[in-house]
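Results of the structural survey
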Amino acid sequence: MESERIKTGGLDRFGKKAEKVLGQKFTGIKKRSVNDYQKLINELEGYQVELRMQNEDLRNAHEELLKSQKRYFDIYDFASIGCLIIDQNGKILETNLTGAWMLGMERDCLMKSSFSRFVAGENRDMFYLHCKRIFETSLKHSCDLKLVKKDGTTFFAQLESIAFKDIEGRCRQFRTAFIDITENKNVEDKLKEKTHDLIRKNKELNCLYNISAIVEKSGISLEEIIQKIVNIIPSYWQYPEIACSRIVLDGREWRTIDFRETIWKQASDIIIHGNVSGVLEVFYTEEKPEREEGPFLREERNLINIISERFGRIIEQKRNEKALQDSEAKFKALSENSPNMIFIQKNGNIVYVNKKCKEIIGYKSEDFYSSDFDFFSLYTPEFRDTIKINFERLINGDEIPQCLYTIITTKAGKRIKTILSAKKITYEGDKAILGIVTDITKLKEAEKVLKRDKATFERFVREKTEELIRAQKKLQNAKRLSDIGTLAATVAHELRNPLAVIQTASYNIRRKNRNPLLDKHLDNIKKCISESNQIINNLLFYSRIKNPKHEKINIYDILDECIVLQEERFHKENLLIHKDISSLKDIYIEADCLQMKELFINILNNSYDALTENAGDNISRDTGGNGGGNLISNGGRIDILALCNGSDFIKMYFKDNGPGISNGDLNKVFEPFFSKKSKGTGLGLTVCSQIVCLHEGKIEIDSEKGKGTTITVRLPIERGKDDRENSYN
Amino acid sequence: MTGKILIIEDDKGLCEEMADILEDEGYCVNVTFNGCNGKSLIERNIYDLLLLDLKLPGLHGLSILKSIKKKEEKPRIIVITGSHFFMELNKKQWRCKNHEEYLLKFADAVIHKPFDVEKVLVKIKELVDWNHQAINIY
């Protein structure tokens, strides 16, 4: 116990103090009895023990306290936060180790130095305000400051400060705890950046979403789409109120309403199918602060590029769509208007039939498309299996014949012969069969008819060929004749002049020499001139292909006049003309007067020639006679008979009893230049035939060798009326 | 009363023969072979009758016909032609009757070669007499 007292000098001090107190006390109680003292001593000894025990406790408590203090001090010193006590002048009064370390200084050097020197210049005002607020409110305040270490490096710190009262109860100091928040700050910055990025992305997405919404809107033309896209673009730029945009595509332009070209421009090429096909431009109509690209942001460059790229793809897609639509429409039209039946069969069901299919087979679309419709049942049983097998092979990718012959039964039960040609296609993602069915019923029928008619055709061809050859011959003749015609016309005129001279001269001879002996010769001259003239006339007439000048003429008068004209000649040769033409009296026909005369004179001439040609055989010549009428005929005669059939046509027969014409020559008599006579051009009957033809009539010749010839002329009374051949015989 | 006749005809033989006949008939006959001469003769003299060929050297008969039609005091005219067709007029298209019809607008008669002299003489006499009568009336 003693040693303990020594050790703890403090306690000694307490002891002396106690004695001192006691001494004063004792002086007051000196007159007390021994007993009292004894009692007192005992009491005192009790107190002493008590005190000692108390003292011991105190000492223990003290030691505990010291230990605790030391522990807390360590905690304080090595805490992760810096702690400072700063007075109202900003001087650092106390700091823990962390605080000193954070500020980069020894703790001792830090004391009494101003905290402001560690605050970055730009933050000093903020620090001042912070301090002011602390003392004003005596509440806890915090602020973020940028601090500068002794070595000049900076860091961000968050300060949390509160003022406290000193022993005198005045607020002159404050405690502050600060932590390094540089990392937080960095993270925050990154976060901000990320947020910004997100906003930008959002903007882009929004823009693209809006564009997509425009594109997907149905029933809108490409032009409208482009215009709408142009309209929304400015709203995604930093200054939408002064932004305008334009798209130039393949030489065409789309602009926003307020569009104006300025120097503040951002542009991006539009690429379609790998080629630059246009440009997307955004303009600011006013000057704005400089940014990454003129007044434009980096993000906007990004956005414009994205938009133009997307736009290019939209156009590509739209054009492809259009092309696809066109092509589809084309094929649909092709299929629907095809003369063949076309169907598509997938998994045994019909998924498409064209119009012709429905038309011919007779079912409606919904019948075909219903799942229980069996297309195979349309084929007649004998073909069904073949077709099924072939379809299966086709689906498996094997080759099948190009055409399958089959018979299809229609709804109405009609059997149609067809050719089926099938192809494997992909229809709505699945393997399917495209079938083309051609109705060959008509073809088959035609084939039959063709076979049957082959002989007829051949005959027909032969006939036509012959006709053609005849026509060709005719044509050649015509060419020859037209040449002859020109020649004839020239010669005729040149011959008529000398004929006129001869005639006039012979007249003069007769006039000047009234000698009857010369008359016979002069008559011969006259006759020859007349004959020559007729030859010339025929030549000329024949050479002229001309249309008759139709008039109402009295055919009786004309025929009679011609007969009278010829009678003299006939009588001189002792030939008999017998006419029975009274039925033509008062009959007027539509004909050319001159051509009719030509016709009759030629026919009569022909008969005359026929009757006189071989006169040597039949006619005896009396040389001793006088003048002209000295030839005696053995009965040569010509009968002229005319008939009239009501109001339709007239028929005239000129019958002679001359030598006749052989059968072989009979069909040649109307040909030009055909003549069996020793004289003449062979044109007389040709001219007749032409005239009759031009009058829509008919001329026929009947002859028997040695018996005579009959020429029949039929003429219509009115033009275009006589089409009933041989109705009058 | 005799008439004065002009023959315009390029065939000299025919002219000679006709002149012979007509002079014997008592007419006063002038002859020319050329169309131009014929026209000037008509302009300078008064004829009762003209015998006119169409195909003439110098001037075509038709031109003479047309020039005469304009004159007030004109001769009677007989056209004596060797051709039936009207090459000069109607695009080489021959029209026998029209040809004659057309000529009759200008002439009093049309006669085709070779002709019957007696018939022509009758016609000439008729026309000359008619002309004289007409003159006498005035």
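Everything numeric here is computed off the predicted structure, so don't read it as measured data. (Residues numbered from 1 in each chain as written. Chains lettered and ligands numbered in written order. Predicted model: local features only at pLDDT ≥ 70, side-chain atom pairs only at ≥ 80, totals over all residues. Heavy atoms only, no water.)

**Thoughts on the overall build of chain B**
Inclusion rule: Only runs of H or I of at least four residues qualify as helices and only runs of E of at least two qualify as strands under DSSP, and these elements are numbered from the N terminus. Contacts between residues were defined by any pair of non-hydrogen atoms, one from each residue, lying within 4.5 Å.
Scanning chain B from terminus to terminus reveals five helices and five strands. Counted over contacts in chain B with a minimum sequence separation of 6, partners at least 24 positions apart contribute 69%.

**Examining the interface of chain B and chain A**
Put simply, the rule reads: Summed over both partners, the accessible area (1.4 Å probe) lost when two parts come together is defined as the buried area. Salt bridge, as applied in this entry: a Lys or Arg side-chain nitrogen positioned within 4 Å of an Asp or Glu carboxyl oxygen.
Each partner contributes residues to the interface: chain B has 25 residues there, and chain A has 25 residues. Taking both partners together, chain B and chain A bury about 2200 Å²; carbon and sulfur atoms supply 60% of that area. At the junction of chain B and chain A, the tally comes to two salt bridges. Across the pair Asp24(B) and Arg511(A) runs a salt bridge whose closest N-O atoms are separated by 2.6 Å.

**A word on empty space enclosed by the protein**
Residue and element names in this part refer to chain B. Applicable threshold: Here the term cavity refers to a set of points on a 1 Å grid, laid over the protein atoms alone, in which a 1.4 Å probe fits but cannot get out; the term pocket refers to an open set having protein on both sides within 12 Å along at least five of seven lines, with lining residues being those that place an atom within 4 Å of a point. Grid points are joined across faces, edges and corners, and a volume is the space filled by probe spheres set on the points.
Applying the stated criterion across every chain yields a total of one cavity of 30 Å³ or more. A volume near 50 Å³ is recorded for the largest cavity. What lines the largest cavity is Ile7, Ile8, Glu9, Leu14, Cys15, Met18, Leu51, Leu52, Asp53 and Ile80. Listed by contribution, the elements that provide at least two residues to the lining of the largest cavity are strand 1 (4-8), helix 1 (12-24) and strand 3 (49-52). Among the elements that make up the lining of the largest cavity, the one with the highest residue count is helix 1 (three residues).

**Some words on a nonpolar patch on the surface**
For the record, the criterion: Only residues whose relative accessible area exceeds 30% and that take part in no salt bridge are eligible for patches, with like-charged residues grouped when within 9 Å of each other and nonpolar side chains (Val, Leu, Ile, Met, Phe, Trp, Tyr) grouped when within 5 Å. A 1.4 Å probe and the Shrake-Rupley method give the accessible areas. Residues count as covered only by the protein chains that appear here.
Together, Leu450(A), Phe457(A), Phe460(A) and Val461(A) line one region of the surface with nonpolar side chains, adding up to about 400 Å² of accessible area. When you line up the elements, Phe457(A) lands in helix 13 (residues 441-512).

**Let's talk about the packing of helix 8 (residues 222-232) of chain A against helix 9 (residues 298-336) of chain A**
Residue and element names in this part refer to chain A. Note the threshold: For helices, the axis comes from a line fit to the C-alpha atoms of the stretch in contact; other axes are also lines fit to C-alpha atoms, and the angle between any two N-to-C directions lies between 0 and 180 degrees. An angle below 35 degrees is read as roughly parallel, one above 145 as roughly antiparallel, one from 65 to 115 as roughly perpendicular, and any other as oblique. Residue polarity follows a fixed list, in which Ala, Val, Leu, Ile, Met, Phe, Trp, Tyr, Cys and Pro are nonpolar, Asp, Glu, Lys and Arg are charged, and the others, Gly among them, are polar.
Put simply, helix 8 and helix 9 touch, their axes get as near as 11 Å, and they point 170° apart. Classified by the angle their axes make, helix 8 and helix 9 are roughly antiparallel. Two secondary-structure elements touch here, helix 8 through Leu222, Ile225, Ile226 and Ile229 and helix 9 through Phe311, Ile314, Ile315 and Lys318. Tallied by class, residues from the contact of helix 8 with helix 9 come to seven nonpolar, no polar and one charged.

**Observations concerning the state of the cysteines**
Residues and elements named next belong to chain A. Let me state the cut-off plainly: The disulfide definition used here is simple: a pair of cysteine sulfur atoms within 2.5 Å. Residue exposure (1.4 Å probe, protein chains only): buried if accessible area is under 20% of the type maximum, exposed if over 50%, otherwise partly exposed.
Evaluation of the coordinates by the stated rule reveals zero disulfides over all chains. Cysteine 562 forms no disulfide, and the closest cysteine sulfur to it belongs to cysteine 593, at a distance of 8.6 Å. Cysteine 593 sits in the buried class, given a relative accessible area of 17%.

**Some remarks on the sheet that holds strand 16 (residues 576-580) of chain A**
Residues and elements named next belong to chain A. Inclusion rule: The rule for pairing is simple: two strands pair if DSSP sees at least two bridges between them.
Ordered in space as 16-20-21-23-22, the five strands form an open sheet in which the pairing is mixed. Looking at strand neighbours, the two that pair on one side only are strand 16 and strand 22 (698-704), the edges of this open sheet. Strand-to-strand twist of the sheet, defined as the mean angle between neighbouring strand axes without regard to direction, takes the value 15°. Note that strand 22 and strand 23 (residues 708-716) share seven bridges and pair antiparallel. Within the sheet, the bridge partner assigned to glutamate 704 lies in strand 23 and is glycine 708. In the packing of helix 15 (residues 555-572) onto the sheet, contacts are made with strand 16, strand 20 (637-645) and strand 21 (649-656), and the angle to strand 16 comes to roughly 165°. Each of strand 22 and strand 23 is contacted by helix 19 (residues 684-694), which is oriented at about 140° to strand 22, the strand it contacts most.

**Concerning the nonpolar core**
All names here are of chain A. As a reminder, the rule being used: By nonpolar core we mean a set of buried residues, namely Ala, Val, Leu, Ile, Met, Phe, Trp, Tyr and Cys, connected to one another through side-chain atoms within 4.5 Å.
Counting 44 residues, the largest nonpolar core has Met596, Phe600, Met652 and Val713 as the members making the most contacts within it. Contributing elements (two or more residues each) for this core: helix 15, strand 17 (588-591), helix 16 (593-613), strand 20, strand 21, helix 19, strand 22 and strand 23. In terms of residue count, helix 16 provides more of this core than any other element does, nine residues in total. Setting aside residues no more than four positions away along its own chain, methionine 596 makes contact with Ile553, Ile555, Ile558, Ala591, Ile691, His695 and Leu715. Among the nonpolar cores identified, the runner-up in size contains 32 residues, and Ile242, Ile247, Leu303 and Ile314 belong to it.

**Concerning the pairing of strand 22 of chain A**
When a strand is regular, its side chains alternate between the sheet's two faces. Alternating positions in strand 22 of chain A separate cleanly, Ile699(A), Ile701(A) and Ser703(A) being buried on one face and Lys698(A), Glu700(A), Asp702(A) and Glu704(A) remaining unburied on the opposite face. The antiparallel pairing of strand 22 of chain A with strand 23 of chain A creates a hairpin that spans three residues between the two strands, and Gly706(A) there sits at a positive phi of about 85°.

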